Amino acid sequence: MDLFSRSWTALRTAVAELPDEDFARPSGCAGWLVRDLVCHLVIDAQDVLITLVTPADTEPTRDAVTYWDLVEAPTGDDPLDALIVRLAAAYEEPWLLKFHLDDVGSAAGRAAGLADPTVRVGTRDQVLTTGDYLNAYVLEWTLHHLDLIAHLAHLPYLTAPPAEGLARSRELLEQIAGAEFPPSFSDTDALLIGTGRRAPTEAEQAELSESGGSGALAAKLPLILG
């Protein structure tokens, strides 16, 4: 629960630190500008709020690892992706997008802090404990934090993802993959390469091919989460 809050606060702080002109730069999500990614975060925050007030009375069907499905790489044809781009453009002024994320995002953060981790909630036709649901979102926040700053190296002051969030996200991704990344990989590199956000170098590819049981991990990558 605490790691969810720290990861989410760091991501929202990074958005708040962005100059207006950088909202039109590319993000680490293929086909999305920074403003599109921030608009997606608004929707994510709404989803968190909705889920936390959607109790379930049946046994959990998923946990923080199995919450994630492996899907095909996005093609840009998904109607929701197209809607997000249109919604983001409709804000026109970046400060409006910042304000909406701060407003809804703060509420989602407060709701998470007040939630009982043992209570079961329903989302996406799944049932999880609140603790598992929020734990799954540590991976969501961490990946999108990396997406946010992917092309913003000229802003070295931007808040980075918490180290413990990076480490936990790597653990979750390894559990999803059923194999571990090479120890030489930093947590950030494991996440970026593992989810296809960047291609491995030749040396990294060689290490991957030797990991996870006779190259099993290399054969599974990239892991596209949905």
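Check the entry above for the structure.
Residues numbered from 1 in each chain as written. Predicted model: local features only at pLDDT ≥ 70, side-chain atom pairs only at ≥ 80, totals over all residues. Heavy atoms only, no water.

(A) Representation of the packing of helix H1 (residues 2–16) against helix H5 (residues 130–149) within the structure. The N-to-C vectors of H1 and H5 enclose an angle of 25°; their axes lie 9 Å apart at closest approach. Here H1 lies roughly parallel to H5, going by the angle between them. Crossing angle aside, the handedness with which H1 passes H5 is left-handed. Only Leu134, Tyr137, Val138, Trp141, Thr142, His144, His145 and Leu148 of H5 make contact with H1, whose side of the interface consists of Leu3, Phe4, Ser7, Trp8, Ala10, Leu11, Ala14 and Val15. For the contact of H1 with H5, the per-class residue count stands at twelve nonpolar, four polar and no charged. (Axes fitted to C-alpha atoms, helices over the stretch in contact; angles between N-to-C directions. Helix = DSSP H or I, 4+ residues; strand = E, 2+ residues; numbered from the N terminus. Parallel < 35°, antiparallel > 145°, perpendicular 65-115°, else oblique. Left-handed = near helix turned anticlockwise from the far one by under 90°. Contact = heavy atoms within 4.5 Å. Nonpolar A, V, L, I, M, F, W, Y, C, P; charged D, E, K, R; others polar.)

(B) Examining the side chain of Ser169 more closely. If you trace the backbone, Ser169 turns up in helix H6 (residues 163–177). We classify Ser169 as buried; its relative accessible area is 0%. Separated by 2.8 Å, the side chain of Ser169 and the backbone oxygen of Gly165 make a polar contact. Apart from the residues within four sequence positions on either side, Ser169 is in contact with Val138, Leu139, Thr142 and Leu191. (Buried < 20%, exposed > 50% of the residue type's maximum accessible area, 1.4 Å probe, protein only. Polar contact = N/O pair within 3.5 Å; in protein donor to acceptor, adjacent residues only side chain to side chain.)

(C) Structural view of helix H4 (residues 94–114). Between its terminal C-alpha atoms H4 stretches 30 Å, which fits the 30 Å expected from 21 residues at 1.5 Å a residue. When we look at burial in H4, the residues that qualify are Pro94, Leu97, Lys98, Leu101, Val104, Gly105, Ser106, Ala108, Gly109 and Ala112. Elements in contact with the buried residues of H4: H1, helix H2 (34–52), helix H3 (79–91) and H5. (Expected span 1.5 Å × (residues − 1).)

(D) Highlighting the nonpolar core. Counting 64 residues, the largest nonpolar core has Phe4, Trp8, Tyr133 and Leu148 as the members making the most contacts within it. Residue assignment for this core shows that the elements contributing at least two residues are H1, H2, H3, H4, H5, H6, helix H7 (187–194) and helix H9 (216–220). Apart from residues no more than four positions distant in its own chain, Phe4 is found in contact with Val48, Ala108, Ala112, Leu134, Tyr137, Val138 and Trp141. (Core = buried A, V, L, I, M, F, W, Y, C linked by side-chain atoms within 4.5 Å.)

(E) Looking closely at the pairing of strand S2 (residues 126–129). Relative to S2, strand S1 (residues 120–123) runs antiparallel, the two being bridged by four bridges. Each residue of the ladder has a partner; that of Arg120, found in S2, is Thr129. (Pairing = 2+ DSSP bridges.)

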